[in-house]
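# Inside the fold
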Amino acid sequence: MRDAVFPAGRHALYEKHGYSAAIRSGDLLFVSGQVGSRPDGSREPEFPRQVEQAFANLRATLAAAGCSFDDVIDVTTFHTDPENQFDTVLAAKAQAFPAAPFPAWTAIGVNWLAGFDFEIKVIARLPAQAAPSN
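Okay, so let's go over this structure. Please read all numbers here as calculations on a predicted model, not as lab measurements.

### Some words on the overall build of the protein
Within the protein, the regular secondary structure consists of three helices and six strands. Mapped from its N terminus to its C terminus, the protein presents α and β elements in the order β-α-β-β-α-β-α-β-β. Taking 14 Å as the expected radius of gyration for a compact globule of 134 residues, we find that the protein reaches 14 Å, a close match to that expectation. Along the three orthogonal principal directions, the C-alpha set of the protein runs to about 45 × 35 × 20 Å. Within the protein, the fraction of its 134 residues that count as buried is 41%. Expressed as a percentage of contacts within the protein between residues at least 6 apart in sequence, the contacts between residues at least 24 apart total 70%.

Shown next as structure tokens:
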């Protein structure tokens, strides 16, 4: 069973490209890639602000499902210039996940992210009270 999750103030990108912010399935939450987009879908122009906004968008999506960064079990990040972006991303990641045990993490270098320079997608385990009853 799939249950779509959207944060308050849904982003224009979900409507424009026809996807859900996240899907709840059983006790797992599959979050679509979050980018540094503003509510109107435009991107933050500065890379550090893009990363900050991507993490803020992720936090809002997790919260809409009753989760937090503490519930994240798997992280995948996409980078258009990994060598030059990595320190900024690591700093943001350290704020979101400050202590062990850390989630699993895969970082992937790509050459295109629909006009963005960073994207983060996660899988989280839903807390017992947040999981929908089937």
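### Some remarks on the nonpolar core
Among the nonpolar cores identified, the biggest contains 24 residues, and Leu29, Phe55, Leu62, Phe118, Ile120 and Val122 are the most heavily contacted of them. The set of elements that each furnish at least two residues to this core consists of β3 (28-35), α2 (47-64), β4 (72-79), α3 (82-96) and β6 (118-125). The element that contributes the greatest number of residues to this core is α2, accounting for six residues. Setting aside residues no more than four positions away along its own chain, Phe55 makes contact with Phe69, Ala92, Lys93, Ala96, Phe118 and Ile120. Core analysis: the second largest hydrophobic core is formed by five residues, Leu13, Val35, Phe78 and Phe116 among them.

### Description of the pairing of β3
Across four bridges, strand β2 (residues 22-25) lies against β3 in antiparallel orientation. Each residue of the ladder has a partner; that of Arg24, found in β3, is Leu29. Where β2 folds back onto β3 in an antiparallel hairpin, the turn is made up of two residues, including Gly26, whose phi is positive at roughly 60°. Pairing between β3 and β6: six bridges, direction antiparallel. Bridge pairing links Val31 to Val122 in β6.

### A word on the packing of aromatic side chains
Scanning the entire structure with this criterion turns up four aromatic pairs. Judged by centre distance (6.1 Å) and plane angle (15°), the ring pair of Phe55 and Phe118 falls under stacked. With Phe55 in helix α2 and Phe118 in strand β6, this pair connects stretches of sequence that are 63 residues apart. The burial state of Phe55 is the same as that of Phe118; both residues are buried. Ring centres of Phe86 and Trp105 lie 5.6 Å apart, and the angle between their planes is 15°; this geometry places the pair in the stacked category. Of this pair, Phe86 sits in helix α3 while Trp105 sits in strand β5 (residues 104-109), and the two are 19 residues apart along the sequence. Three or more aromatic residues link up through ring pairs in this structure, and these residues are Phe55, Phe69, Phe97 and Phe118. A cation over an aromatic ring shows up here: Lys93 above the ring of Phe102, its NZ or CZ 6.0 Å from the ring centre.

### Digging into the sheet that holds β5
Ordered in space as β1-β2-β3-β6-β4-β5, the six strands form an open sheet in which the pairing is mixed. Of all strands in the sheet, those with a lone pairing partner are β1 (3-5) and β5, marking the two edges. Averaged over all pairs of adjacent strands, the angle between strand axes in this sheet comes to 15°, irrespective of strand direction. Running over the sheet, α3 touches β4, β5 and β6 and is turned about 155° from β5.

Definitions and cut-offs
- Residues numbered from 1 in each chain as written.
- Predicted model: local features only at pLDDT ≥ 70, side-chain atom pairs only at ≥ 80, totals over all residues.
- Heavy atoms only, no water.
- Helix = DSSP H or I, 4+ residues; strand = E, 2+ residues; numbered from the N terminus.
- Rg over C-alpha atoms; globule rule 2.2 N^0.38 Å.
- Buried < 20%, exposed > 50% of the residue type's maximum accessible area, 1.4 Å probe, protein only.
- Contact = heavy atoms within 4.5 Å.
- Core = buried A, V, L, I, M, F, W, Y, C linked by side-chain atoms within 4.5 Å.
- Pairing = 2+ DSSP bridges.
- Phe/Tyr/Trp six-rings, centres within 6.5 Å; stacked < 30°, edge-to-face > 60°.
- Lys NZ or Arg CZ within 6 Å of the ring centre and 35° of its normal.
- Axes fitted to C-alpha atoms, helices over the stretch in contact; angles between N-to-C directions.

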